[in-house]
Number of protein chains: 4
Amino acid sequence: MILLISCPDQPGIVARVTGLLFEAGLNVLDLEQHVEEGSLFFMRIHADTAGMRITGEELEYRLRELMELLEAEMRLHDPAERPRVAVMVSSEPAPLQDLLSKREAGVLSCDVPLVIGDRDVLRPLAELYGVPFRHVPMDPNDRLAAEEVMLGLLDEAGAELVVLARYMRVLSAGFVDRYAQRIINIHHSFLPAFKGNRPYHQAWERGVKMIGATAHFATADLDEGPIIVQDAVPVNHQHTVEAMIQRGMEIERRVLAEAVQVWLERRVIVRGRRTVVFH
Amino acid sequence: MILLISCPDQPGIVARVTGLLFEAGLNVLDLEQHVEEGSLFFMRIHADTAGMRITGEELEYRLRELMELLEAEMRLHDPAERPRVAVMVSSEPAPLQDLLSKREAGVLSCDVPLVIGDRDVLRPLAELYGVPFRHVPMDPNDRLAAEEVMLGLLDEAGAELVVLARYMRVLSAGFVDRYAQRIINIHHSFLPAFKGNRPYHQAWERGVKMIGATAHFATADLDEGPIIVQDAVPVNHQHTVEAMIQRGMEIERRVLAEAVQVWLERRVIVRGRRTVVFH
Amino acid sequence: MILLISCPDQPGIVARVTGLLFEAGLNVLDLEQHVEEGSLFFMRIHADTAGMRITGEELEYRLRELMELLEAEMRLHDPAERPRVAVMVSSEPAPLQDLLSKREAGVLSCDVPLVIGDRDVLRPLAELYGVPFRHVPMDPNDRLAAEEVMLGLLDEAGAELVVLARYMRVLSAGFVDRYAQRIINIHHSFLPAFKGNRPYHQAWERGVKMIGATAHFATADLDEGPIIVQDAVPVNHQHTVEAMIQRGMEIERRVLAEAVQVWLERRVIVRGRRTVVFH
Amino acid sequence: MILLISCPDQPGIVARVTGLLFEAGLNVLDLEQHVEEGSLFFMRIHADTAGMRITGEELEYRLRELMELLEAEMRLHDPAERPRVAVMVSSEPAPLQDLLSKREAGVLSCDVPLVIGDRDVLRPLAELYGVPFRHVPMDPNDRLAAEEVMLGLLDEAGAELVVLARYMRVLSAGFVDRYAQRIINIHHSFLPAFKGNRPYHQAWERGVKMIGATAHFATADLDEGPIIVQDAVPVNHQHTVEAMIQRGMEIERRVLAEAVQVWLERRVIVRGRRTVVFH
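Quick caveat, the model's predicted, so the values are computed rather than measured.

Criteria and thresholds
Residues numbered from 1 in each chain as written. Chains lettered and ligands numbered in written order. Predicted model: local features only at pLDDT ≥ 70, side-chain atom pairs only at ≥ 80, totals over all residues. Heavy atoms only, no water. Helix = DSSP H or I, 4+ residues; strand = E, 2+ residues; numbered from the N terminus. Contact = heavy atoms within 4.5 Å. Areas by Shrake-Rupley, 256 points an atom, 1.4 Å probe, with all protein chains shown as cover. Least-squares fit on C-alpha atoms with pLDDT ≥ 70 in both. Pairing = 2+ DSSP bridges. Axes fitted to C-alpha atoms, helices over the stretch in contact; angles between N-to-C directions. Buried area = accessible area lost by both parts, 1.4 Å probe. Salt bridge = Lys/Arg side-chain N within 4 Å of Asp/Glu carboxyl O. Left-handed = near helix turned anticlockwise from the far one by under 90°. Nonpolar A, V, L, I, M, F, W, Y, C, P; charged D, E, K, R; others polar. Parallel < 35°, antiparallel > 145°, perpendicular 65-115°, else oblique. Phe/Tyr/Trp six-rings, centres within 6.5 Å; stacked < 30°, edge-to-face > 60°. Buried < 20%, exposed > 50% of the residue type's maximum accessible area, 1.4 Å probe, protein only. Lys NZ or Arg CZ within 6 Å of the ring centre and 35° of its normal. Right-handed = clockwise from strand over helix to strand, strands pointing away. Expected span 1.5 Å × (residues − 1). Polar contact = N/O pair within 3.5 Å; in protein donor to acceptor, adjacent residues only side chain to side chain. Lys, Arg positive; Asp, Glu negative; His and termini not counted.

Help me understand the overall build of chain A, please; the structure alone is not making it clear to me.
Helices and strands together make up the secondary structure of chain A, namely eight helices and 13 strands. Taken over the C-alpha atoms alone, chain A extends approximately 60 × 40 × 35 Å along its principal axes. Summarising the internal contacts of chain A: among those between residues at least 6 apart in sequence, 66% fall at separations of at least 24. Working note: accessible area of chain A is about 11,000 Å², and carbon and sulfur atoms make up 48% of it.

Okay, structure coming up:
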């Protein structure tokens, strides 16, 4: 069982929560806890339920009771469950392929029931891995119609998480809010540098000596959502824009896959514009 | 208060320890816990004692009682205390200077009451920072005599930790055992590659593309002690041995200072040849 | 045209070589040159042949004449040519897939006419990318028979380079010598640390704080060939051997692909146990 | 002798320049050359003058003649010369100390004849290393008066390069232009992210997962000058602003010292907003 808690800080939270788990027969395997300035308490507990002496419902009931006392938000997950993850793409194969092959290799513990493309380019790649591909073109003058279709597909597929793997369209606030904190986007720059279009061109013009990638939760405010993972690599004057794009691809797919992995392992809590990512 | 615990795993350890702290009026600020395969339990707790309702002696008594039940080893530290750290050097100034300036800048919370040199080269540097320097030459034919003198000096200075900042002499098992897990050495390679002498020459000969540095606890078995911190940087065919040495110096001092810092913050537990270093 | 030269150093080499090219109507686009201690001269020139006023044969003749004077070894390549690269695998899909997808994306400019497996596991992956897969099992008691078959296949496929993408068998000196400086192997550790089998297990036992990967030319002496590319990433006490393996996979495939890329771009000169890798 | 050349590209430049050097009896030790899209040619040559058969004046005359033909800009340096470098500081000791100790250790081949502080805080540090310290307070209402004084001091000290080692005042366009491409500034963020004041506070608010530092040439346009060196390190939710500042300090001083080093080794050519930094 994985338990994520965030609440105002006060003495005794760890003792009460772990005391409750102990009485119920659970054994704590990993616990990480953090109090942020301004008195916010965050905790992730991974506990073994093999010796649990009460039902799951009873455990959840007792935890919810305690959370009310603590004015806490709680999320409870079964590490054995495989979340359903939908991927949205345009034409760039690298990040999609990385996600699908890591799922196949068992690095990512999830099911991928659906790939949506605004272009019909990556169908063969999705199908190679046995994943249904749906082509939903987007008419820029009627974005909402396409979004309606996509929301229906995501719903039908039971998607808990949506990954934008170089999906090149802007999504409406309505769409994003429907999957609040459940849409992960990859931006091909080291945010907040080079927001918007053609970040590698911007980076080349500015003559930077490193390029990066940022995986973040999508919000209505483009490129402003809470950051989950970032990384960067050196470049030099010999790198053309094309070479930067190639080099960036490697880091983008790594950063995106890592963000999906920490999300699947239930290591992420969002707090305003910031994230807590437990180790 | 900082509490470090290691013991065989069993259900309820976190609950019991944090319950005890809660009852005593302490507030947990940071808790990190980890269970290793083979059922070893490790935990670090940083708790605020502002609201403590019992004496420090009473708290320690209750904790020791619980530790006996858990067959645990415990260390209890006051984060306000400034451990006394002695530094042993030969002729290389960079790591000594880095330690002394980081202590002065408040990055390292410790006192440095003593620098020992087997050569009399770094006295001015030590004295610039107001630290007494003692020259203890070592006659290779009578190592133990010199060690006797040094043990006396360390004792007198009340050194809790000894840092070998490029001290180029081999110490006897007797010396090392007296300060078991309390001597930190910097080896100028990415151990276990290039043990022994002149690692940069070895690295150049082998044509490696990265060089590194390793901070580890000294043991009787040279270059085999538990590793605390490692890092590495790229090199290429243009780097001569001298350029590697220069480039390595930067990483050595960083790695050594970081190892001293995590030790001072009581984040390190040694377990056989491995270390647990809490974040 | 790409020209690689290595020879004893003497004044005037650059002037003579570039003078010859200029007279023949070529324009130097990139030139990198390096003199190593002990007076060894290395140079790589990438020149534009659009304005060449003599035939390719004539150019090569003049260059060879000059090389004789300089006692130089020379290699001459057409950057437009796509070298034929064979891949040898066992059962690990990640590095093979990375190579094939990077070739498809145009990151690696080569043809892959053949994948050989000592097990019949990765056939579907190879065939997905349209590459013929040949299963050549190896009887440990009759290694040479299998190698005979493989040499025949490589010959037939016209392989200029052989990539061991986690091929788990030891090859004979005879085999390796046939493709001297043309077999690239990936070793899943930061050589020379953890040679031999199960390096991640060794790394875990030793308690290192970084793990790495090494791409090198295969030689009869296992894990001792000239290193082309290395990289490393941090690990900590929470990483089990399995987590290290997963984390290592990412770095292995990156390091291997980069080594193949610099080889394809004719940036590598071997000199004894060391390599010059031009930027 | 070190020769830096930038000019419009045309065939034969390398041949003509190295031919000229060869005839004059020089031996090329390192040559790096690069042609950028848009046909700009850049080259750095390090040549041994031990066998030179003409005078320095004659060599320079011949080179200047050739440069006129090529419409090239040329810089000619003696690697044995030690450029005079002035440092400007406010109250932060780390980067100043790093520069002074690296000069002392021979890593930076330069003289430091002057440290200017707008506060009188770092005088003892400068004087420890035997460098004269001049306190020039700046009245925000009469900036130019202070700048006048400083220009006089820099002139008197014969400063070829000015290093802003966390100098916290804004300099006028007039001042900056006087030392065009000869003022190196360190900005404590990964530019272009977090320009302006308190970048670590900005970084914390934005919740980034890496922090960086940027060494660049100062221009009238603050934080917009050509970048010389950048680097970045990971941070996480546990890092307070203060921890980021501490962690950033390490990277700032490293990046600044590296930028000064490549400048001293005459490896930098500025081209608009971009720099070519030869390896």
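Looking at this structure, how should I read the relation of the copies chain B and chain C?
Put simply, the two copies of the chain differ by a rotation about an axis and a shift along that axis. Each copy of the sequence occupies a distinct position, and chain B is placed on chain C by a rotation of 180 degrees and an axial shift of 0.0 Å, giving an RMSD of 0.0 Å. When the rotation and shift are considered jointly, the pair of chain copies conforms to a two-fold rotation axis. Across chain B, the rotation axis passes nearest the C-alpha of Ala193(B), at a separation of 2.3 Å.

For this particular structure, what's the right way to read the sheet that holds strand β7 (residues 133–135) of chain B?
The strands making up a sheet are joined through hydrogen bonds of the backbone, oriented either antiparallel or parallel. Residue and element names in this part refer to chain B. Spatially, seven strands are ordered β7-β6-β5-β8-β9-β10-β11 in an open sheet, and the strand pairing comes out mixed. In this open sheet, the two edge strands, each paired with only one partner strand, are β7 and β11 (227–234). Taking each pair of neighbouring strands and ignoring which way they run, the sheet shows an average axis angle of 15 degrees. Two strands pair when backbone bridges link them, and strand β6 (residues 111–117) and β7 are joined in this way by three bridges, in the parallel orientation.

What should I look at first to understand the interface of chain B and chain C in this one?
Taken together, the 37 residues of chain B in the interface contact 37 residues of chain C. Both sides together, the interface formed by chain B and chain C hides about 3,300 Å², and carbon and sulfur atoms give 55% of it. Looking only at chain B, the three residues that lose the most surface to chain C are Arg206(B), His237(B) and Arg274(B), adding up to 25% of its buried area. At the boundary of chain B and chain C, one finds two salt bridges. Of the charged contacts, one joins Arg206(C) and Glu224(B) as a salt bridge, the two residues approaching to 3.9 Å between their closest N and O atoms.

For this particular structure, what's the right way to read the relation of the copies chain B and chain D?
It takes a turn of 180 degrees to lay chain B on chain D, together with a shift of 0.0 Å along the axis; the resulting RMSD is 0.0 Å. The fraction of interface residues of chain B whose copies in chain D are also interface residues reaches 100%, indicating that both copies meet through the same surface.

Looking at this model, I keep getting lost on the packing of helix α1 (residues 13–23) of chain C against helix α1 (residues 13–23) of chain D. Mind explaining?
Packed helices, taken two at a time, are described by their axes: the angle between them and the distance between them. At a minimum axis distance of 8 Å, the contact between α1(C) and α1(D) shows a crossing angle of 145 degrees. Crossing angle aside, the handedness with which α1(C) passes α1(D) is left-handed. For the pair α1(C) and α1(D), contact is made by Val14(C), Ala15(C), Thr18(C), Gly19(C) and Phe22(C) and by Val14(D), Ala15(D), Thr18(D), Gly19(D) and Phe22(D), respectively. Looking at side-chain class alone, the contact of α1(C) with α1(D) contains six nonpolar, four polar and no charged residues.

For this particular structure, what's the right way to read the sheet that holds strand β5 (residues 84–89) of chain D?
Residue and element names in this part refer to chain D. In space, the seven strands of this open sheet follow the order β7-β6-β5-β8-β9-β10-β11, with mixed pairing throughout. Looking at the sheet topology across the chains shown, the edges are occupied by β7 (133–135) and β11 (227–234). Neighbour-to-neighbour, the strand axes of this sheet turn through a mean angle of 15 degrees, independent of strand direction.

I keep staring at the interface of chain B and chain D and nothing clicks. Help me out?
Reports often express the size of an interface as the amount of accessible area lost when the parts come together. Each side of the interface is counted separately: chain B has 16 residues, and chain D has 16 residues. When chain B packs against chain D, close to 1,300 Å² is buried across both sides, 35% of that on carbon and sulfur atoms. Joining chain B to chain D, the criterion identifies four salt bridges. A salt bridge links Glu250(D) to Lys102(B), with the shortest nitrogen-to-oxygen separation between them at 2.5 Å.

How should the packing of helix α7 (residues 199–206) of chain B against helix α8 (residues 241–264) of chain B be read in this particular structure?
Residue and element names in this part refer to chain B. The N-to-C vectors of α7 and α8 enclose an angle of 125 degrees; their axes lie 10 Å apart at closest approach. Our classification of the angle between α7 and α8 gives oblique. Here α7 and α8 pass one another in a crossing that is right-handed. Residue-level inspection shows Tyr-200, His-201, Ala-203 and Trp-204 of α7 in contact with α8, the latter providing Val-241, Met-244, Ile-245, Gly-248, Met-249 and Glu-252. Classifying every residue of the contact of α7 with α8 by side-chain character gives seven nonpolar, two polar and one charged.

Sorry if this is basic, but what is going on with the packing of aromatic side chains here?
What describes a pair of aromatic rings is the distance from one ring centre to the other and the angle between the planes of the rings. Residue and element names in this part refer to chain A. Within the structure shown, the criterion is met by six aromatic pairs over all chains. Between Phe-175 and Tyr-179 the ring centres are 6.5 Å apart and the planes differ by 35 degrees, which places this aromatic pair in the tilted class. When its relative accessible area of 1% is taken as the criterion, Phe-175 is described as buried. Taking NZ or CZ as reference, Arg-266 lies 5.0 Å from the ring centre of Trp-263, over its face.

What is the right way to read unusual backbone geometry from this model?
One can expect most non-glycine residues to show negative phi and most peptide bonds to be in trans. All names here are of chain A. At Glu-71, a residue that is not glycine, the phi angle is positive and equals roughly 50 degrees. Positive phi, normally seen in glycine, also occurs at Gln-181, with a value near 60 degrees. Topologically, Gln-181 is positioned in the loop between α6 (173–178) and β9 (183–187). Assessed through its relative accessible area of 43%, Gln-181 is described here as partly exposed.

What's the story with the environment of Phe217(A) in this structure? I'm lost.
All names here are of chain A. In this fold, Phe-217 is placed in strand β10 (residues 210–217). Put simply, Phe-217 and Val-277 are 60 residues apart on the chain and 13 Å apart in space, counted from C-alpha to C-alpha. When sequence neighbours within four positions are dropped, the list of residues in contact with Phe-217 reads Gln-181, Arg-182, Ile-183, Ile-184, Gly-225, Pro-226, Ile-228, Trp-263, Val-268, Val-270 and Thr-275.

Explanation requested: the pairing of strand β6 (residues 111–117) of chain C in the structure shown.
Strand residues, when the strand is regular, have side chains that alternate between the two faces of the sheet. Residues and elements named next belong to chain C. Burial analysis of β6 places six of its seven residues in the buried class, which makes it a mostly covered element. Pairing of strand β5 (residues 84–89) with β6 involves five bridges; the strand directions are parallel. From the neighbouring strand, Met-88 faces β6, where its bridge partner is Ile-116. Regarding topology, helix α3 (residues 93–104) serves as the crossover connection from β5 to the parallel β6, and that connection is right-handed. One crossover worth recording links β6 to the parallel strand β7 (residues 133–135) by way of helix α4 (residues 123–128), and it is right-handed.

Teacher, can you tell me more about the environment of Phe175(B) here?
Residue and element names in this part refer to chain B. When you line up the elements, Phe-175 lands in helix α6 (residues 173–178). Distance in space between the C-alpha atoms of Phe-175 and Gln-97 is 25 Å, their sequence separation being 78 residues. Ignoring sequence-local partners within four residues, the contact set of Phe-175 consists of Met-88, Glu-147, Met-150, Leu-151, Leu-154 and Ile-183.

Is there a simple way to explain the pattern of salt bridges in this structure?
Side chains bearing opposite charge may pair, as long as their charged atoms lie close to each other. Taken as a whole, this structure holds 76 salt bridges over all chains when the rule is applied. Arg82(B) is paired through a salt bridge with Asp111(B); the nearest N and O atoms lie 3.1 Å apart. Linking Arg82(B) in the loop between β4 (73–77) and β5 (84–89) with Asp111(B) in strand β6, this pair joins segments that are 29 residues apart in sequence. The exposure class assigned to Arg82(B) is partly exposed, which follows from its relative accessible area of 40%. Taking the shortest distance from any N to any O, the salt bridge between Glu81(D) and Arg266(D) comes out at 3.3 Å.

Explain α3(C) here, please?
Along an α-helix, residues three or four apart share an orientation, since each turn contains 3.6 residues. Residue and element names in this part refer to chain C. Its twelve residues place the ends of α3 16 Å apart at the C-alpha level, agreeing with the 16 Å of an ideal helix rising 1.5 Å per residue. Burial of α3 is extensive: ten of the twelve residues sit out of reach of the surface. Taken together, the buried positions of α3 are Ala-94, Pro-95, Leu-96, Gln-97, Asp-98, Leu-99, Leu-100, Ser-101, Lys-102 and Arg-103. N-capping of α3 is provided by Glu-92, with a side-chain oxygen placed 3.1 Å from the backbone N of Ala-94. Gly-106 occupies a position one or two residues after α3 and carries a positive phi of about 85 degrees.

Looking at this model, I keep getting lost on the side chain of Glu92(B). Mind explaining?
Residue and element names in this part refer to chain B. Mapped onto the elements of the fold, Glu-92 is located in the loop between β5 and α3 (94–104). Among buried charged residues, Glu-92 stands out as having no salt bridge; its nearest opposite-charge side chain is Arg-166, 5.4 Å away. A polar side-chain atom of Glu-92 sits 3.1 Å from the main-chain amide nitrogen of Ala-94. Excluding residues within four positions of it along the chain, Glu-92 makes contact with Leu-122, Arg-166 and Met-249.

How do you make sense of the environment of Asp9(C) when you look at a structure like this?
For Asp9(C), the position within the fold is in the loop between β1 (2–8) and α1. Here the side chain of Asp9(C) touches Asn27(D) through a polar contact of 3.2 Å, side chain to side chain.

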